[in-house]
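Summary of structural features
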Amino acid sequence: MANVLVVAEHLDGKLRKVTLPTITFAQQTAALTGGEVHVLVLGNGTDAVAAEVAKYGVSKVHFANSPVFENYLAETYAPAIVKAAQAIGATVVAAPSSTTGKDVLPRVAAKLDAGMVSDAIAVFDDGGIKFRRPLWAGNVLTTVEVVTPVKVITVRTTDFEAPAEGDAAAVEAFDAGLAAPDNAEFVSFDQVKSERPELTDAAVVVAGGRGLKSGENFQMIMNLADTLGGAVGASRAAVDSGYAPNDWQIGQTGKVVAPDLYFAVAISGAIQHLAGMKGSKTIVAINKDADAPIFQVADFGLVGDAFEIVPALTEKLKGIV
Amino acid sequence: MKILTTVKRVTDPDMKVKIKPDQSGVVTDGVEYKMNSFDEYGVEEAIKLKEAHGGEIVVVSVGPSSATKEIRTAMAMGADRGILVETDAELDSDAVARVLAEVVRRESPDIIVMGKQAVDSDRNQTGQILASYLDYPQATFAYSLEVADGWATVGREVDGGTATKRVKLPAIITADLRLNEPRYASLPGIMKAKRKPLETLSPSDLGVDIANKVNVLLFEAPEEREAGEIVEDIDTLIDRLKNKAKVL
């Protein structure tokens, strides 16, 4: 049977949200292949996660509890996913396009002799199954076909909704029969304990550019972000100037974000930056240069001095949100 | 220690990409090319490893003859010799990884450091597929790297924080932002690079069939955003966000 296998993600004993849109992608794909959606949960103590994911309109959940899977390693997860895919007759293996999905699925693809598509944003039948995916940081979209019998896909989860909850599917233990590898070791995972949401996950992002002139001036960006419960970002120019840390960088060589609301403050709008944020639903640009290219993509533009506008805007929003 | 690093020739990410009228690809006439920016981090890290541990850096590119320019750039930065596996075909990540696996088998490096992804095809697969074919461990999205006693300790950029992983050499490391600050090629470096050895091979010299597993059928431009409204003041902006965009 042409089944679809979804690799679930979890953290601190809870299903990660990115798994849900991946299930939707799998349901759409299974409708085209005529197969079932199966889910694989790897970890140690995954019973609750398996029970949770079973509610989302899937046919079966396979969970493996083993000290080998206690901490994520591509070297153990990849062979386990390969084994599960072969056991259930999966012709499509899908995972979220998260850092874990991106890390492990290419290893799986090579072992299954499968072609792989990264960051799928759509699946459809057009004389055979085709996928759509972005290139050049979203400046180009392509339609691709995978010619191998087994296809491995990471899913851009912002492009799919979460599935509806339904009756719980059967949950079954899975034994990968693996020993710990002798050539790779997990050392630590340092979770960022921030009050702010993750950049790639946030509904609101407030980003600052070189026009802010110093790292200290980013404080007003943080104040606006905190007022809206959003994340803080920066342009590459601001990062290169040392005003903001690297992991705040939004752009082609940084992070790609698609929040509901994006504020570009004192950012001119270089192609490199636009590539990372133009998928945002609503874009607000605040810049003193009325000719800045950012206004060409902004839904709402405010021309003026960010040092006056942002604090005043933050104060007014405090009374509203 | 012998270090292998890879470079891909890509379109300048600061230029706007144009799609051909027949949607078969992107316009390449008049386009400027440069080294994939993530590969710059990989090359820089290879040089840092050589500075710390001694040895040799081999820089490899799989691509058209014009990619010798990026190989020379890496040599001008500090790589010792180059290998171009020449092909004009557009390869998928799997084909590139199969070619690189043969180069690795020939060269037997202690470590392979490469960019986490190319900024044109954005696939983020080649390093991991290469590791899988070689049965090597991998550490992707590296922001820090230390090598001692035959193991690499790698700080990795992952969702929700950072992770640290140890991998036994030989291993594949893929470079993320923050790993280092790539150096510029100096003028003496550029002069020296011209005399460094550069071997050109074909995929068939390596015995690799470069047939793709994934074919790109169609290139399209995403829907263009249109310029919106310039608002007068903060109150109007808040009104629009509340009542028009309904995001507040």
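Everything quoted here is computed from the prediction, not taken from an experiment.

Moving on: the overall build of chain A. Along chain A, the regular secondary structure elements total eight helices and 18 strands. With respect to the three principal axes, the spread of C-alpha positions in chain A is 60 × 45 × 40 Å. Buried positions account for 58% of the 321 residues belonging to chain A. Partitioning the contacts of chain A with sequence separation of at least 6, the portion at a separation of at least 24 is 63%.

Two aromatic rings are characterised by how far apart their centres lie and by the angle between their planes. Counted according to the given criterion, the structure contains six aromatic pairs over all chains. Ring centres of Phe218 of chain A and Trp248 of chain A lie 6.0 Å apart, and the angle between their planes is 45°; on these two criteria the pair is classed as tilted. Of the two residues, Phe218 of chain A is situated in the loop between β14 (204-208) and α5 (219-227) and Trp248 of chain A in the loop between α6 (236-240) and β16 (261-265); the sequence distance between them amounts to 30 residues. Neither residue differs from the other here; Phe218 of chain A and Trp248 of chain A are each classed as buried. Measuring from ring centre to ring centre gives 6.3 Å for Phe38 of chain B and Tyr41 of chain B, while their planes differ by 40°; the resulting arrangement is tilted. On the criterion of helical spacing, the pair formed by Phe38 of chain B and Tyr41 of chain B is a turn pair, its members being three residues apart in helix α1 (residues 37-53). One exposure class covers both Phe38 of chain B and Tyr41 of chain B, and it is buried.

Our next topic: the interface of chain A and chain B. Contacts between the two partners involve 84 residues from chain A and, on the opposite side, 75 residues from chain B. For the chain A and chain B pair, buried surface summed over both sides reaches about 6,700 Å², with 57% attributable to carbon and sulfur atoms. Contact with chain B buries area across many residues of chain A, yet Arg107, Trp136 and Phe300 of chain A alone supply 11% of it, more than any other trio. At the junction of chain A with chain B, the criterion picks out nine salt bridges. Arg16 of chain A is paired through a salt bridge with Asp159 of chain B; the nearest N and O atoms lie 3.6 Å apart.

A separate point is the UniProt feature "domain: Electron transfer flavoprotein alpha/beta-subunit N-terminal" (unreviewed entry) in chain B. This chain's UniProt record puts "domain: Electron transfer flavoprotein alpha/beta-subunit N-terminal" (unreviewed entry) on residues 23-210 of chain B. Between the first and last C-alpha atoms of residues 23-210 of chain B the distance is 23 Å; the span itself is 31% helix and 31% strand.

Another aspect to go through is unusual backbone geometry. As a rule of thumb, non-glycine residues mostly have phi less than zero, and peptide bonds are mostly trans rather than cis. Leu169 of chain B connects to Pro170 of chain B through a cis peptide bond whose omega is 0°. Mapped onto the elements, Pro170 of chain B comes out in the loop between β9 (161-168) and β10 (171-175). In this model, Ala137 of chain A sits at a positive phi of 50°, which is unusual for a non-glycine residue. In this structure, Ala137 of chain A sits in the loop between β9 (129-135) and β10 (140-146). Within the chain, Gln23 of chain B stands out as a residue other than glycine whose phi angle is a positive 60°. For Gln23 of chain B, the location among the structural elements is in the loop between β2 (9-11) and β3 (33-35). Judged by relative accessible area, which is 30%, Gln23 of chain B ranks as partly exposed.

Bringing the domain arrangement of chain A into the picture now. All names here are of chain A. The domain architecture assigned to chain A consists of domain 1 (3-173) and domain 2 (204-318). The distance between the C-alpha centroids of domain 1 and domain 2 comes to 34 Å. Between domain 1 and domain 2, the residue contacts involve five residues of the former and four residues of the latter. Summing both partners gives a buried area of about 430 Å² for domain 1 against domain 2, and 48% of it is carried by carbon and sulfur. Summed over the shared surface of domain 1 and domain 2, the result is zero salt bridges.

Feature annotation in UniProt assigns "domain: Electron transfer flavoprotein alpha/beta-subunit N-terminal" (unreviewed entry) to the following positions: residues 4-190 of chain A. The distance separating the terminal C-alpha atoms of residues 4-190 of chain A is 32 Å; by composition the span is 27% helix and 36% strand.

Residue and element names in this part refer to chain A. With numbering aligned to this structure, UniProt lists the feature "binding site: FAD" (unreviewed entry) at Arg210, Ser235, Arg236, Gln249, Ile250, Gly251, Gln252, Thr253 and Asn287. In summary, the annotated positions, distributed over 78 residues, remain apart in three dimensions as well, the widest C-alpha pair reaching 23.0 Å. Tracing the backbone shows Gly251 in the loop between α6 and β16. Other than its neighbours up to four places away in sequence, Gly251 contacts Val256, Gln272, His273 and Gly276.

Within the open sheet, the four strands sit side by side as β8(A)-β9(A)-β10(A)-β12(B). Their pairing is antiparallel. Looking at which strands have only one partner, the edges of the open sheet turn out to be β8 (122-125) of chain A together with β12 (214-220) of chain B. For this sheet, the mean inter-axis angle between neighbouring strands, taken without regard to orientation, is 30°. Bridging between β9 of chain A and β10 of chain A involves five bridges; their strand directions are antiparallel. Among the inter-strand pairings, Arg133 of chain A is bridged to a residue of β10 of chain A, identified as Thr142 of chain A. Strands β8 and β9 of chain A of the sheet are contacted by helix α1 (residues 19-33) of chain A, whose axis makes an angle of about 10° with β8 of chain A.

Once that is clear, we can look at the environment of Ile19 of chain B. As for its placement among the helices and strands, Ile19 of chain B is situated in the loop between β2 and β3. On the accessibility criterion, Ile19 of chain B (23% relative accessible area) is partly exposed. Apart from residues lying up to four places away in sequence, Ile19 of chain B is in contact with Val140 of chain A together with Gly25, Val26, Val27, Phe219, Glu220 and Ala221 of chain B.

To continue, consider the side chain of Thr29 of chain A. Residue and element names in this part refer to chain A. Counting through the fold element by element, Thr29 comes out in helix α1. For Thr29, a relative accessible area of 0% gives the class buried. Those residues in contact with Thr29 that sit more than four places away from it in its chain are Val4, Val92 and Val123.

So, on to the confidence of the model for chain B. Should pLDDT be low for a region, the predicted coordinates there are not to be read in detail. When pLDDT is averaged along chain B, the result is 96, and 100% of the positions lie at 70 or above. Scoring the predicted complex yields pTM 0.94 and, for the interface, ipTM 0.95.

This next bit is on the sheet that holds strand β17 (residues 282-287) of chain A. Spatial strand order, β15(A)-β14(A)-β16(A)-β17(A)-β18(A)-β13(B): six strands in an open sheet with parallel pairing. Both outer strands of the open sheet, β15 (231-234) of chain A together with β13 (229-231) of chain B, are each paired with one neighbouring strand and no more. Each strand of the sheet is rotated relative to its neighbour by a mean of 20°, with strand direction disregarded. Inspection of the sheet shows β17 of chain A paired to strand β18 (residues 300-303) of chain A by four bridges, in the parallel sense. Each residue of the ladder has a partner; that of Val284 of chain A, found in β18 of chain A, is Phe300 of chain A. Contacts from α5 of chain A reach β14, β15 and β16 of chain A within the one sheet, and its direction differs from that of β14 of chain A by about 170°. Across the sheet, helix α6 (residues 234-244) of chain B touches β16, β17 and β18 of chain A together with β13 of chain B, and the angle it forms with β18 of chain A is around 170°.

What counts and how
Residues numbered from 1 in each chain as written. Chains lettered and ligands numbered in written order. Predicted model: local features only at pLDDT ≥ 70, side-chain atom pairs only at ≥ 80, totals over all residues. Heavy atoms only, no water. Helix = DSSP H or I, 4+ residues; strand = E, 2+ residues; numbered from the N terminus. Buried < 20%, exposed > 50% of the residue type's maximum accessible area, 1.4 Å probe, protein only. Contact = heavy atoms within 4.5 Å. Phe/Tyr/Trp six-rings, centres within 6.5 Å; stacked < 30°, edge-to-face > 60°. Buried area = accessible area lost by both parts, 1.4 Å probe. Salt bridge = Lys/Arg side-chain N within 4 Å of Asp/Glu carboxyl O. UniProt positions renumbered as here; feature names shortened; annotations may be inferred. Domains from an automatic or database assignment. Pairing = 2+ DSSP bridges. Axes fitted to C-alpha atoms, helices over the stretch in contact; angles between N-to-C directions. pLDDT = per-residue confidence, 0-100.

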